[in-house]
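# Observations on the three-dimensional arrangement
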Amino acid sequence: MDTQSAEVGVEEGPNKIFISQQQVVDEEVQAKVEMLIAELHGTKHHPPNDPDAQKLDHGFHFFKTNIFDAHPEYFSELAKGQSPKFLVIACSDSRVSPSVVLNFKPGEAFVGRNIGNMVPQFDQLRHTEIGAVIEYAVKSLEVDNILVMGHSRCGGIERLMTLPDYTQTYDFIDEWVKIGLPAKKKVLQEAGDLPFAEQLTLCEKESVRNSMVNLLSYPFVRNAVVNGTMIVRGGYYDFVNGSFEQWKMCTH
Amino acid sequence: MAPKFTKCMLLCCSAKVSQKEEDSMGSESYEEAIAALSKLLSEKADLGSVAAAKIKQVTAELEAAAADPTKFNPVKRIETGFLHFKKEKYEKNPDLYSALAKGQSPKFLVFACSDSRVCPSHILDFQPGEAFMVRNIANMVPSYDKKKHTGVGAAIEYAVLHLKVENIVVIGHSCCGGIKGLMSIPDDGTTATDFIENWVSICAPAKTKVKSECTELSFLEQCNNCEKEAVNVSLGNLLTYPFVREAVVKKTVALKGAHYDFVNGKFDLWNLDFQISPSLAAV
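Keep in mind that this is a model prediction, so the values were computed, not measured.

### Considering the packing of aromatic side chains
As enumerated under the stated definition, the model contains 30 aromatic pairs over all chains in all. Here the aromatic rings of Phe-82 of chain B and Phe-85 of chain B are separated by 5.9 Å at their centres, their planes lie at 50°, and the arrangement is tilted. Placement of the pair is Phe-82 of chain B and Phe-85 of chain B together in helix H3 (residues 74-90), with a separation of three residues, close to one helical turn. Among the aromatic side chains, those forming a connected cluster through ring pairs are Phe-60, Phe-63, Phe-68, Tyr-74 and Phe-75 of chain A together with Tyr-260, Phe-262 and Phe-267 of chain B. Of note, Lys-85 of chain A hangs over the ring of Phe-72 of chain B, and the distance from its end group to the ring centre comes to 5.0 Å. Directly above the ring of Trp-247 of chain A sits Arg-209 of chain A, whose terminal nitrogen or CZ lies 4.9 Å from the centroid.

### Structural notes on the nonpolar core
Judged by nonpolar contacts, the single largest core of 148 residues is most densely connected at Ile-134, Val-221 and Tyr-237 of chain A together with Ile-156 of chain B. Here this core takes eight residues from helix H6 (residues 150-163) of chain B, the largest share from any one element. Setting aside chain neighbours within four positions, we find Val-221 of chain A in contact with Ile-134, Val-138, Ile-146, Leu-215, Met-230 and Val-232 of chain A.

### Considerations on the interface of chain A and chain B
At the junction of the two partners, chain A supplies 104 residues and chain B supplies 115 residues. On the chain A side of the contact with chain B, Leu-56, Phe-172 and Gln-246 of chain A bury the most area, a combined 8% of that side's loss. A salt bridge links Glu-130 of chain B to Lys-55 of chain A, with the shortest nitrogen-to-oxygen separation between them at 3.1 Å. Put simply, chain A and chain B have 39 residue pairs in polar contact (both at pLDDT 80 or more) between them. Residue composition of the side of chain A that touches chain B, grouped by class: 46 nonpolar, 29 polar and 29 charged.

### A short note on the packing of helix H9 (residues 204-213) of chain B against helix H10 (residues 219-238) of chain B
All names here are of chain B. The contact between H9 and H10 brings their axes to 8 Å, and the two run at 135°. The angle between H9 and H10 places the two elements in the oblique class. For the pair H9 and H10, the crossing hand works out as right-handed. Here Pro-205, Ala-206, Lys-207, Lys-209, Val-210 and Lys-211 of H9 lie close against H10, whose contacting residues are Gln-222, Asn-225, Cys-226, Glu-229, Ala-230 and Val-233.

### Examining the pairing of strand E7 (residues 243-251) of chain A
Residue and element names in this part refer to chain A. Of all nine residues that make up E7, seven are buried, and the element is covered over most of its length. Strand direction decides the pairing type here: strand E6 (residues 231-238) and E7, joined by six bridges, are antiparallel. In the sheet register, Gly-234 faces E7, and the bridge partner there is Trp-247. What sits between the antiparallel neighbours E6 and E7 is a turn of four residues, in which Gly-242 has the positive phi angle 70°.

### Focus on unusual backbone geometry
Excluding glycine, a negative phi dihedral is what most residues carry, and trans is how most peptide bonds are arranged. Backbone torsion omega between Leu-163 of chain A and Pro-164 of chain A reads 0°, so that peptide bond is classified as cis. Assignment of secondary structure puts Pro-164 of chain A in the loop between helix H6 (155-162) and helix H7 (173-177). Unlike most non-glycine residues, Cys-175 of chain B shows phi in positive territory, near 55°. With respect to the helices, strands and loops of the structure, Cys-175 of chain B is situated in the loop between strand E5 (167-173) and helix H7 (177-184). Assessed through its relative accessible area of 40%, Cys-175 of chain B is described here as partly exposed.

### A short note on the environment of Val-141 of chain B
All names here are of chain B. Here Val-141 lies in the loop between strand E4 (131-136) and H6. Along the sequence, Val-141 and Gly-236 sit 95 residues apart, while their C-alpha atoms lie 8.9 Å from each other. Those residues within four positions of Val-141 in sequence are excluded, and the remaining contacts are Phe-111, Val-152, Ile-156, Val-170, Ile-202, Ser-234, Asn-237, Leu-238 and Tyr-241.

### Re the confidence of the model for chain B
Residues and elements named next belong to chain B. Scored by pLDDT, chain B comes out at a mean of 85, with 77% of its residues at no less than 70. Of the regions scoring below 50 in pLDDT, residues 1-28 engages in 58 contacts with residues more than four places distant in sequence or in other chains. Listed scores for the predicted complex are pTM 0.84 and ipTM 0.83.

### Side note on the state of the cysteines
Residues and elements named next belong to chain A. In total, this model carries zero disulfides over all chains according to the counting rule given. Summary of cysteine pairing: Cys-91 is not part of a disulfide, and the nearest cysteine sulfur, belonging to Cys-154, is at 4.1 Å. Judged by its relative accessible area of 5%, Cys-91 is buried.

About the criteria used
- Residues numbered from 1 in each chain as written.
- Chains lettered and ligands numbered in written order.
- Predicted model: local features only at pLDDT ≥ 70, side-chain atom pairs only at ≥ 80, totals over all residues.
- Heavy atoms only, no water.
- Phe/Tyr/Trp six-rings, centres within 6.5 Å; stacked < 30°, edge-to-face > 60°.
- Helix = DSSP H or I, 4+ residues; strand = E, 2+ residues; numbered from the N terminus.
- Lys NZ or Arg CZ within 6 Å of the ring centre and 35° of its normal.
- Core = buried A, V, L, I, M, F, W, Y, C linked by side-chain atoms within 4.5 Å.
- Buried < 20%, exposed > 50% of the residue type's maximum accessible area, 1.4 Å probe, protein only.
- Contact = heavy atoms within 4.5 Å.
- Buried area = accessible area lost by both parts, 1.4 Å probe.
- Salt bridge = Lys/Arg side-chain N within 4 Å of Asp/Glu carboxyl O.
- Polar contact = N/O pair within 3.5 Å; in protein donor to acceptor, adjacent residues only side chain to side chain.
- Nonpolar A, V, L, I, M, F, W, Y, C, P; charged D, E, K, R; others polar.
- Axes fitted to C-alpha atoms, helices over the stretch in contact; angles between N-to-C directions.
- Parallel < 35°, antiparallel > 145°, perpendicular 65-115°, else oblique.
- Left-handed = near helix turned anticlockwise from the far one by under 90°.
- Pairing = 2+ DSSP bridges.
- pLDDT = per-residue confidence, 0-100.
- Disulfide = S-S within 2.5 Å.

What follows is the structure, given as C-alpha cells:
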C-alpha cells in the first residue's frame, strides 16, 4: 500500500488544521486527521482501540435507539423541565441504582448517591455536596418525598462497624462513614451479642433511620415536613434475598 | 434467642424546647434537631396532644386503606417499581444476581448529575455491577480537601483503592440547573442559597473561561459551553487526589469527560490525555 506521509498539525488558538500533502492513505494519519476534524466540530473522539469508551458509546446508542427515539414526545417534554416526585439518596454501590431497583423512569427521581447512602447533619462547611442536593430538590423542585435507600452487603457500613482499624487508614472513608456512628452505637447497645453479619444488616437499616432523622436538621426539610408538603421515607434493598422494605416518618 | 430489634424508632419531644434561632443550625446536635422539629409540630398541633415524630414500616396495602385512590401513592409506586424489577430482572438473571450478591467489581466510577433525566443506568445502559456512581448537583468533583469534601473523597478513594476501577467518567448534561446557577451568581459574589451556590462555585474557573472567551454567545449558549468546561475542571480536580494521580501515571485508570444533550439526543465523550516526562513521573 502506498503510504504517503502527511504532516498534520493543529495550532492553539484559532484551531487551524493543515495538511501538507493532498492524499492521506496511511491509516494512522487518517485516524488522526479525523480526530482533529472532530475536535474542531466540538465532538472529540477517543482512540479506536479503547474498549471502555466503545462500551459507553454502545450503551448510549442502545438508549438512543430503544428509548429516546422511541418516545419523542415524552423526551421533548422532559427537555423543557423536570418535576420529579422523589428525591432518592442511594449508595454509590454499582448494584443498587434506584432507576434499576425501583424502576424509575427518566424524570421520576432526583438522585444523590454517596458511600453508604448517608445524610449528615446540616453543615455548611463540611457537607455542601449533600446539602446542595437536598436544597435543590426541596426548594427548587419541591419534591413530595425524600427516600433514603439502604442496602445489603454495604461496604460503607461494614467499614463503620469495623472501626477502629489500626492496620489500614484512609484519607476520607473513615471520616465519612462516621456519620453513621449513632446507628452503630444503637446496634452495639441493643444487639451487641449477635453475630457480626447480623449486626451489619441491623446497622444498614439503622443508618437509614439515622439519615432520615438527620434530614430534619435542614430547616427547609423541617418546614416542608411540618407543612405537610413533604414526607421523609426510608427503604432497604436486600439483594441477597430479593426483598425491599419501606419506612415512613410520621408526624402528628 | 436474639432480642427483638424494634422496627419503630420513637422520637418524643423533650420538655425543654430549643431556643436556638433557625439560622444557627451548624452546631445543632441530633437532640436539638428533634427538639426544634417538635417545637414546630407542637405549635401546629392541638393543645394537649404530644407532638412526636415516629418512623414506622409501611406497605402499599396499609397505605391504600387510608389513601385517596385517585391520588398518586408513593408507597405503592415504590413497591410496584421494586416488584417490576424483581420479576423482570432479578428473577430472570439468577446467576448474575447471585454473583453480584457476593461482591462487585465495576470497571467504571461515574460522576453524574442528580438531575432526574440523566441517570447513567438509563442513558448509558449500565447494568447492575458495572458502574460505581456518585450523583450530585452538576456532577462536580471538588479538589482534594479532607475537611470540606469527605463525601466525594470517600467515593473516589473507595473506587480507586478498593474496587480498582479502570475508568473515571464525569458526565455533564444539557439544561443543567446547577451550571445555570453558577453562571447566574452575581459578580459581587452575593449568594442566596444555603449550599447550592457554594457547591457549584467549585467550577468557577469554567465560568471565568466561558465568560471571557464566549462574550458573543447568548446566556444559554454560554451555559451550554460551561457544562462542558466544568467537566474539564472536574477532571483536573481529580488529579489533586494522590491515589488518582498515581493510577493515571501507572495507566491503571483512564479519565474521561462526557456530555449528554437530551435536547438533541447526543452524547459526546472525550479522553484526557496526559504527557508525562520522565523527570515528573518520579514524583
